[in-house]
Structures are given as structure tokens and as C-alpha cells.
Protein chains: 2
Amino acid sequence: MPAGGRTDAHGATTSERILDAALGSFATRGYEASSLDALAVGLDIRKQTILYWFPSKEVLLEAVIDRSAIELSEALEASLASAGSGWARVEAVVRSVFRLAARRPELLGLVREMGRLGTPAATRFVSAVEPLVQRATGFLEAEMDAGHMRRHDPRLLLLAIYSTVIGMLTEVEVLRAFGEEPTARSLVRRRNEILELLRSALVTDAA
Amino acid sequence: MPAGGRTDAHGATTSERILDAALGSFATRGYEASSLDALAVGLDIRKQTILYWFPSKEVLLEAVIDRSAIELSEALEASLASAGSGWARVEAVVRSVFRLAARRPELLGLVREMGRLGTPAATRFVSAVEPLVQRATGFLEAEMDAGHMRRHDPRLLLLAIYSTVIGMLTEVEVLRAFGEEPTARSLVRRRNEILELLRSALVTDAA
DNA sequence: CGATCTGTCTACCATATGGTAAGTGACCGG
DNA sequence: CCGGTCACTTACCATATGGTAGACAGATCG
């Protein structure tokens, strides 16, 4: 039985509920714009209960980051473990990110928020996800060496892929401007568009 | 002589100086996290001078958005006016956005911030830039019809291009994680990477 | 010269914020 | 049954926030 306070009707501990609400708020409103008071009201809890579990707002942020980094890493590692090789591997990862976006959009929102938080919060997240970046660049490089993919700077290529995927998943307002509704159907269309785009950009005829 | 208050040593009116500082702060710290007090201190001005020119923080935001939308539109329109056709046109626009990012990074930062602001602030920006989106999708569609570019959904394609470019220009923390320093040289490398990527994704052999 | 207008300032204020201090009740081992 | 710990609460507090009211100096104009 994990510590974290009394459990509610759904078996969630208080500290878990706080983390969930904080993640949602940080991801959509931003860290600085999120207030402990508002969080507490939303949870029907007193602010001091939050400060009991997380002695300061910054500590709460760190906890949210750590938990999210783990969840993100696990999701990606899982998709990598079962994925094939070559282009199929890229496709599997993109698909799993889109699945994650459908199930837990706040996670992707938090990733975007990282940029604004700067050191040391972002450093925390970055170092947690670092191994994945290493694996990914290594993989891309190998595929290029094997002639399966067009040659690019693997780090910059990864950055471009990341930007495209995250952007198409999180820029809701821009999506609206481009006439895309935030529906599941639209999500699938965006995923397929990205996959097509990446495939024609990356895969060589040799593969 | 445009109104806007007394002019400083460099000929800038007070209201212009306020708009500049606000743009910078909104773009990097975010709207909600920016305070009028901090803005005033940075400008060596009293907060009430800000509220004299812009009667509320929200009005200030609207003014910043309007001015930025105009500046952005003009920069893009200019690059479109002198650009050639086909792939050269896409390349010209991407290059001009990168030039803009080097000269006025806050403009791009504000675009990213739009997503968080939601209605009605984003609507304001979106409707100001809307004509550009129309022109761009129309152009892409024509190129596809002519067989110069691979067929895609033009709106989704534009969204993908936008996401990639904005992401690679604004996600400073992620850039750091990927080992890219925020230098001019790195900017050029990122630009070239994007151009290569887009070219292999879009251009058909027929072109 | 006196009245008015413009731009900026000083003096406040209600509210919201992150955080401290000290309680209260339920449970638990001895 | 009783002292202590755990989870959470009420009661505050200093500071920061967006915003109001009004004074004051300099220019403009009749």
C-alpha cells in the first residue's frame, strides 16, 4: 500500500490526486499562472493539505516533472521494446506518442511547458529523458549508415520530428485557426499526415 | 509625428517602449506570469504610466498582439512578394521566418504563447494572420495539382511545416537537451536541416 | 497671464498569492 | 486507555497584483 494520504472513493491517495491536478494545471495554464489556492478548490481540499504533502510550490513542480518523465519514458520504452526495425520503428514511436496524446494530453502539454520553466526545472526533465534521446539518435544514425534512411544530422532530425509531433499535438489554438477540431478523428488524420510526411522525407528507395 | 507620449533619447515614444517590453515579457515569461510592476521597473517608469496608455493589462495584451500580427504579416508578405514559384517559394518563406527569428525572436515566442491564451486573445491573432494561411494553402494546393509537390492535405501540411519551424526556433530548452546552443551558427544549421527535410518530403522528381 | 490639456507621478486599495503556526480528530502500539 | 503520530484543518501573514483617485509639472492657446 503506497503512502500518500487517505484514499478516496476511487482508491487514489491525496498526494496522487494533487499531482494529477497540478499536472493538468501546469500543462494548460502554465506553472506560474497556476495557484495553489485554485488547485485546492478544484480538489475540494485546503491549500495547506497541498503544502503538507509538497512543502512548496516548487517542490510540487519537481514532483510533477519527475512523475511525468517516468510515465513518458515508460510509454516510449514500451513501444520501442515491441517495435520492429527501420521505418516501422519510427512509425511505432510516433503512433505511441499520438496514443499518449489521446490518453494523457497533459503529459505532452507539460513537455511544452518545460521550455518556459528554464533551469533547473527543465534540466530535471531533460536528464530524465536523456537516455531516450541517446537511443533515438543512435538508431537513426544506424539506419542512415545502412542506407535505409536519407542522411541527416541525427540530432537535428530528431529535433525536427519532435517539434512537428509536439506541435501538431499541442498547438490547439493554431489547430483551430487551421480549421482542425480537437476530435479523435482529427487526431488520427494528423497522425497519418505526419507519418506520410516523415516517410517521404526519410525513407530511401533502398528500404 | 505619431502620438504615444514623450520620446526618449532614441526617439521611441513611451507607449512604444511599453509595447516592446510587454512583447518581450509575454513571449518569454507568458502573459499571466508577466506583471505590470515588473514591466514598469524594467522601463524605469511608474506602473500608472503603463495604465495611462493601456487602461488594463488585457488591453495591453491586445495591443501587443495587434502590433505583432501586423509586423509578422508584413514580413511574410514581403518575402512572398519577391519570392519565385514552386519549391523556391517555400524556401523563401522558411528563410524569412528564420531571419525574423534571428532579428525579433520575441515575435515567434508570442506566436507560441497564443496557444495558452485561448479565446479571445488568440482569435484576434488568428484572424489577423488568416489571409496568409489562405494564400499558403491555395499555393500548396496549386503546386500539388501541377504535380510539383507530393499530394497532402494542404492545411495539415501547412500545420506540420508551421509546427516544425516554430518548434525548432522556440523550444530553447529542448534545443539545449539535444545539444544545440542558441547561437547564430546553430540557427543556420537548423534552417538548412529543415529545408533539406522539407524538400525531400515535398518535392517530386517531376519538379 | 490664466485656463486647459497632456503625460507622468504619488498615494492608496481590495484581492490573491505562497507560506507559517498551531490546532483537531482518528487511529495505533504499548 | 493513553501518548504519539498521521492526515488534514483553521487562523494568520507578508508580499505582490491589477487597478482607482487625484496631484503636479510643463506645454499650448485664447
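All values reported here derive from a predicted model rather than from experimental measurement.

**Q** Explain helix 2 (residues 36-43) of chain A here, please?
**A** For the α-helix, the turn length of 3.6 residues means that residues three or four positions removed from each other point alike. Residue and element names in this part refer to chain A. All of the buried residues in helix 2 are Leu36, Leu39, Ala40 and Leu43. The buried residues of helix 2 occupy an angular sector of 100 degrees when projected down its axis, which confines them to one face. Across helix 2 from its buried face, at more than 90 degrees, point the exposed residues Val41 and Gly42. Among the structural elements, helix 1 (14-28), helix 3 (47-53) and helix 4 (57-82) are those in contact with the buried residues of helix 2. After helix 2 finishes, the residue Asp44 shows a positive phi value of roughly 55 degrees.

**Q** Which parts of the structure should I look at to understand the domain arrangement of chain A?
**A** Often the size quoted for an interface is simply the accessible area lost on bringing the parts together. All names here are of chain A. According to the domain assignment, chain A contains domain 1 (1-55) and domain 2 (65-202). Each partner contributes residues to the interface: domain 1 has nine residues there, and domain 2 has nine residues. Summed over both partners, the interface of domain 1 with domain 2 comes to about 680 Å²; 66% of that surface belongs to carbon and sulfur atoms. If you look at where domain 1 meets domain 2, you find one salt bridge. For Arg67, the salt bridge goes to Asp20, with nearest N and O atoms at 2.9 Å.

**Q** Just checking my understanding: could you explain the packing of helix 6 (residues 105-117) of chain A against helix 7 (residues 121-145) of chain A for this structure?
**A** Residues and elements named next belong to chain A. Following both chains from N to C, one finds helix 6 and helix 7 inclined at 135 degrees, their axes separated by 8 Å at the closest point. One finds that helix 6 runs oblique with respect to helix 7. The hand of the helix 6/helix 7 crossing is left-handed. For the pair helix 6 and helix 7, the contacting residues are Val111, Met114 and Leu117 in the first and Ala121, Ala122 and Phe125 in the second. Its residues assigned to classes, the contact of helix 6 with helix 7 comprises six nonpolar, no polar and no charged.

**Q** How should the interface of chain B and chain A be read in this particular structure?
**A** With 51 residues of chain B at the contact, the number on the chain A side is 51 residues. Of the roughly 4500 Å² buried between chain B and chain A, counting both surfaces, carbon and sulfur atoms make up 58%. When residues of chain B are sorted by the area they lose upon contact with chain A, Arg116(B), Leu156(B) and Phe178(B) head the list and together hold 16% of the total. Our enumeration of links across chain B and chain A arrives at eight salt bridges.

**Q** Which parts of the structure should I look at to understand the packing of aromatic side chains?
**A** The geometry of two aromatic rings is summed up by the distance between their centres and the angle between their planes. All names here are of chain A. Inspection of the entire model under this criterion finds four aromatic pairs over all chains. Ring geometry for Phe26 against Tyr31: centres 5.2 Å apart, planes inclined by 75 degrees, an arrangement best described as edge-to-face. In terms of burial, Phe26 and Tyr31 fall into one category: buried. A cation over a ring is seen here: Lys57 above Tyr31, with NZ or CZ 4.6 Å from the ring centre.

Rules used throughout
- Residues numbered from 1 in each chain as written.
- Chains lettered and ligands numbered in written order.
- Predicted model: local features only at pLDDT ≥ 70, side-chain atom pairs only at ≥ 80, totals over all residues.
- Heavy atoms only, no water.
- Buried < 20%, exposed > 50% of the residue type's maximum accessible area, 1.4 Å probe, protein only.
- Helix = DSSP H or I, 4+ residues; strand = E, 2+ residues; numbered from the N terminus.
- Arc of directions from axis to C-beta.
- Contact = heavy atoms within 4.5 Å.
- Domains from an automatic or database assignment.
- Buried area = accessible area lost by both parts, 1.4 Å probe.
- Salt bridge = Lys/Arg side-chain N within 4 Å of Asp/Glu carboxyl O.
- Axes fitted to C-alpha atoms, helices over the stretch in contact; angles between N-to-C directions.
- Parallel < 35°, antiparallel > 145°, perpendicular 65-115°, else oblique.
- Left-handed = near helix turned anticlockwise from the far one by under 90°.
- Nonpolar A, V, L, I, M, F, W, Y, C, P; charged D, E, K, R; others polar.
- Phe/Tyr/Trp six-rings, centres within 6.5 Å; stacked < 30°, edge-to-face > 60°.
- Lys NZ or Arg CZ within 6 Å of the ring centre and 35° of its normal.

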